Amino acid sequence: MASPGRAEAAEQTLLVGNLESRVREEILYELFLQAGPLTKVMICEDKEGKPKSFGYVCFKHKVSVPYAKALLDGIRLYGRPITVQYWRGKFHRPNVGKIRFKKKKRNKVFLLHLHREVLSPCIILFTKRIQ
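Residues numbered from 1 in each chain as written. Predicted model: local features only at pLDDT ≥ 70, side-chain atom pairs only at ≥ 80, totals over all residues. Heavy atoms only, no water.

Trainee: Just to check I follow, could you spell out the overall build of the protein chain for this structure?
Mentor: Assigned secondary structure in the protein chain consists of 4 helices and 6 strands. Looking at the protein chain as a whole, 36% of its 131 residues are labelled buried. Look at the contacts in the protein chain between residues 6 or more apart in sequence, and 66% of them connect residues 24 or more apart. (Helix = DSSP H or I, 4+ residues; strand = E, 2+ residues; numbered from the N terminus. Buried < 20%, exposed > 50% of the residue type's maximum accessible area, 1.4 Å probe, protein only. Contact = heavy atoms within 4.5 Å.)

What follows is the structure in structure tokens.
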């Protein structure tokens, strides 16, 4: 399988911001896995190795990206709402039709892929956003 080019990789990547310092890559992986298969999750670090308040999530399929943004933007982790943005602030998908999502009063995250040991602590971390 050929590796995706830069333009294609950018279309499959989301920038996740406003992360609390306790958020780890494993938590982001489990959360964003609800939107589709992932290839990479990375939380950026400073020169001292401390986690910064943002990271990147790369999906295997382009169609997962707008779904993940609509589903997870504003979800609270450790009491802080995360921001989910398209990589480089823009998103162009010439080959795929637009996906529209209805505004709902609540965002629901289904924790289908979590193991039993992980599920209990994660329920405390993931709260529903009421608009």
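Now, onward.
Trainee: I keep staring at the pairing of strand β1 (residues 13–17) and nothing clicks. Help me out?
Mentor: It is a general feature of regular strands that their side chains alternate between the two faces of the sheet. In terms of burial, β1 is largely enclosed, as 4 of its 5 residues are buried. Bridging between β1 and strand β3 (residues 51–59) involves 5 bridges; their strand directions are antiparallel. Residue pairing for β3: Leu15 is matched across the bridge by Tyr56. (Pairing = 2+ DSSP bridges.)

Trainee: Whenever I open this one, the packing of aromatic side chains confuses me. Can you help?
Mentor: By convention here, two paired aromatic rings are described through the distance between centres and the angle between planes. In the structure shown here, the tally under the stated rule is 3 aromatic pairs. Feature note: the residues Phe54, Tyr56 and Trp87 constitute an aromatic cluster, connected by ring pairs. Across from the ring centre of Tyr86, 5.6 Å away, lies the NZ or CZ of Lys69, which sits over that ring. (Phe/Tyr/Trp six-rings, centres within 6.5 Å; stacked < 30°, edge-to-face > 60°. Lys NZ or Arg CZ within 6 Å of the ring centre and 35° of its normal.)

Trainee: Mind showing me how you'd approach the pattern of salt bridges here?
Mentor: If the charged atoms of two oppositely charged side chains come close together, the side chains can form a pair. Evaluation of the coordinates by the stated rule reveals 4 salt bridges. For Lys62, the salt bridge identified is with Glu11, shortest N-O distance 3.1 Å. With Lys62 in the loop between β3 and α3 (64–72) and Glu11 in helix α1 (residues 6–11), the pair connects residues that are 51 residues apart, well separated along the chain. A salt bridge links Glu48 to Lys50, with the shortest nitrogen-to-oxygen separation between them at 3.5 Å. Judged by its relative accessible area of 63%, Glu48 falls in the exposed class. (Salt bridge = Lys/Arg side-chain N within 4 Å of Asp/Glu carboxyl O.)

Trainee: I keep staring at the sheet that holds strand β2 (residues 38–45) and nothing clicks. Help me out?
Mentor: In a beta sheet, neighbouring strands pair by backbone hydrogen bonds and run either parallel or antiparallel. With respect to topology, 4 strands assemble into an open sheet ordered β2-β3-β1-β6, the strand pairing being antiparallel. Of all strands in the sheet, those bounded by a partner on one side alone are β2 and β6 (83–86). The sheet shows a mean angle of 25 degrees between the axes of neighbouring strands, taken without regard to direction. As defined by bridge partners, β1 adjoins β6 across 4 bridges and the pair is classed as antiparallel. Counted as the bridge partner of Leu15 is Gln85 from β6. Lying over the sheet, helix α2 (residues 25–32) contacts β1, β2, β3 and β6, oriented at roughly 145 degrees with respect to β2. (Axes fitted to C-alpha atoms, helices over the stretch in contact; angles between N-to-C directions.)

Trainee: Help me understand unusual backbone geometry in this model?
Mentor: Most peptide bonds adopt trans geometry, and most residues besides glycine take a negative phi value. Despite not being glycine, Asn18 shows a phi value in the positive range, around 60 degrees. Checked against the element boundaries, Asn18 lands in the loop between β1 and α2. Its identity as a non-glycine residue notwithstanding, Tyr78 has a phi of 55 degrees, on the positive side. Relative to the assigned elements, Tyr78 resides in the loop between β4 (76–77) and β5 (80–81).

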